[in-house]
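Examining the three-dimensional arrangement
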Amino acid sequence: YSHAPNGEPYLPFRSLLKQEEGLSHAELAYQLSFKIKMIEQAFNKPLDVWFGYTQKSFWQAANHDASSPFRETNYEPEVMAVVPLKGSLLGVNARFAGLGFVHQSNGRADPLSRSWNRVYAQFGFERGTFALLVRPWYRLKEDVADDDNPDIVRYMGYGDITGIYQWGQQEFSVLARANAGNFSSIDTWSFPIQGRLKGYVKITTGYGETLIDYNWRQNTIGAGIVLVDWL
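Below or above, wherever it landed, is the structure these notes cover. Think of each chain on its own: its residues are numbered from 1, step by step along the sequence as written. Where totals are concerned, whole chains, interfaces and linings use all residues; where local detail is concerned, this predicted model gives features only for residues with pLDDT of at least 70, and gives and counts side-chain atom pairs only at 80 or more. Derived side-chain values reflect all non-hydrogen atoms in the structure, with water molecules and hydrogen atoms excluded from consideration.

**Re the overall build of the chain**
Along the chain, the regular secondary structure elements total 2 helices and 12 strands. For the chain, the C-alpha radius of gyration of 19 Å lies close to 17 Å, the compact-globule estimate for 231 residues. Expressed as lengths along the three principal axes of its C-alpha atoms, the size of the chain is roughly 60 × 45 × 35 Å. To sort residues, take the accessible area from a 1.4 Å probe on protein chains only and compare it with the maximum for the residue type: under 20% means buried, over 50% means exposed, and anything in between is partly exposed. Across the 231 residues of the chain, 38% fall into the buried class. Throughout, a contact is declared for two residues whenever any of their heavy atoms are within 4.5 Å. The long-range fraction of contacts in the chain, counting pairs at least 24 apart against all pairs at least 6 apart in sequence, stands at 46%. When the accessible surface of the chain is split by element, carbon and sulfur atoms take 60% of a total near 13,600 Å². Think of it this way: any DSSP run of H or I at least four residues long counts as a helix, any run of E at least two long counts as a strand, and we number them from the N terminus. Our radius of gyration is a C-alpha quantity, and the globule rule it is checked against amounts to 2.2 Å times the number of residues to the power 0.38. Using the Shrake-Rupley algorithm and a 1.4 Å probe, accessible areas are obtained, with residue cover drawn only from the displayed protein chains.

Now the structure itself:
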């Protein structure tokens, strides 16, 4: 549920929605993610190369006046090289470091097209049942004529930080990013239901829950089920 759905990108198509209010505040969402190790011990070094893919879709299932469309789907393939780390400071253990390249787009034509490419570094730390992932990135420049969202870094920033705390079989996580006064966060609580099946509650605030919303500020709350924790 979003307190302020972003209908602005769809204004040229308002007649297709067949309703004054445009988008529904409530929608269904799903995410599919996987990661595969492509190369193990590359160059006979403790370096592994992985391929990852994430797809998120947001479905206006109850918006019957608009034929219940899929509002947005984001595609995110990436390649990353990861090395294990050893060492600790003040009880905090360094676990891994990596470099990666990620492309993210919504696969749509103008004026709804959104995309960007980034290179990033990532560093993982642990202390007891707490884990921290720090991920700075750099957006690769595009030709002005081909850039669908030239100001995306203003809202999505230059990286993110994720903290995860495990309390028994429950897990609490916070993802935060900030730039130029634009702060965003994703707060999630997951809990066991049966076996690998978990329930979760998620609250987001700020920008960029989807690419089409990268410059649209909103607060959302959702609940659902998850099979595997993402980190």
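**A closer look at the pairing of strand β5 (residues 92-105)**
The pairing of strand β3 (residues 70-84) with β5 spans 8 bridges and is classified as antiparallel. What sits directly across from Ala 81, in β5, is Leu 99. Both strand β4 (residues 88-89) and β5 contribute to a ladder of 2 bridges, which runs antiparallel. By the bridge assignment, Ser 88 is partnered in β5 with Asn 93. What sits between the antiparallel neighbours β4 and β5 is a turn of 2 residues, in which Leu 90 has the positive phi angle 55°. DSSP bridges decide pairing: two strands pair if at least two such bridges lie between them.

**Thoughts on empty space enclosed by the protein**
As defined here, a cavity is a set of points on a 1 Å grid over the protein atoms alone where a 1.4 Å probe fits but cannot get out. A pocket is an open set with protein on both sides within 12 Å along at least five of seven lines, and residues line them when an atom is within 4 Å of a point. Grid points are joined across faces, edges and corners, and a volume is the space filled by probe spheres set on the points. The final tally for this structure, using the stated rule, is 1 cavity of 30 Å³ or more. Approximately 70 Å³ is the volume found for the largest cavity. Sorting the residues of the lining of the largest cavity by element identifies β10 (182-194) and β11 (197-206) as the ones contributing at least two each. Class assignment of the residues belonging to the lining of the largest cavity gives a composition of 2 nonpolar, 7 polar and 2 charged. Each residue is assigned to one class: nonpolar for Ala, Val, Leu, Ile, Met, Phe, Trp, Tyr, Cys and Pro, charged for Asp, Glu, Lys and Arg, and polar for all the others, Gly among them.

**Overview of the environment of Gly 181**
On the secondary structure map, Gly 181 appears in the loop between β9 (170-179) and β10. With relative accessibility at 77%, the residue Gly 181 sits in the exposed group. Remark: the alpha-carbon pair of Gly 181 and Arg 154, spanning 27 residues in sequence, is separated by 9.1 Å.

**A few points about the nonpolar core**
Within this scheme, the nonpolar core is defined by two criteria: the residues are buried Ala, Val, Leu, Ile, Met, Phe, Trp, Tyr or Cys, and they are joined through side-chain atoms within 4.5 Å. Counting residues in each nonpolar core, the largest one holds 13 residues, and the members touching the most others are Trp 116, Tyr 120 and Ile 152. Looking at this core, the elements that each hand over two or more residues are β3, β6 (115-127) and α2 (152-156). Take this core: its biggest share by element is 4 residues, from α2. Setting aside its immediate chain neighbours within four residues, Tyr 120 contacts Glu 78, Val 79, Met 80, Gly 98, Leu 99, Gly 100, Phe 101, Val 102, Arg 135, Pro 136 and Trp 137.

**Side note on a nonpolar patch on the surface**
Patch construction takes residues with relative accessible area above 30% that form no salt bridge. Like charges are linked within 9 Å, and nonpolar side chains (Val, Leu, Ile, Met, Phe, Trp, Tyr) are linked within 5 Å. Salt bridges are defined by distance alone: a side-chain nitrogen of Lys or Arg within 4 Å of a carboxyl oxygen of Asp or Glu. Taken together, the side chains of Phe 130, Tyr 165, Trp 167, Phe 172 and Trp 189 present a nonpolar region at the surface, about 510 Å² in accessible area. Mapping Phe 172 onto the fold places it in strand β9. We classify Phe 172 as partly exposed; its relative accessible area is 31%.

**Observations regarding the pattern of salt bridges**
In this structure the tally under the stated criterion is 10 salt bridges. Linking Asp 147 and Arg 139 is a salt bridge whose minimum nitrogen-to-oxygen distance equals 2.9 Å. Accessibility expressed as a relative area gives 11% for Arg 139, which makes it buried. One salt-bridge network, held together by shared partners, links Glu 27, Arg 71 and Asp 213.

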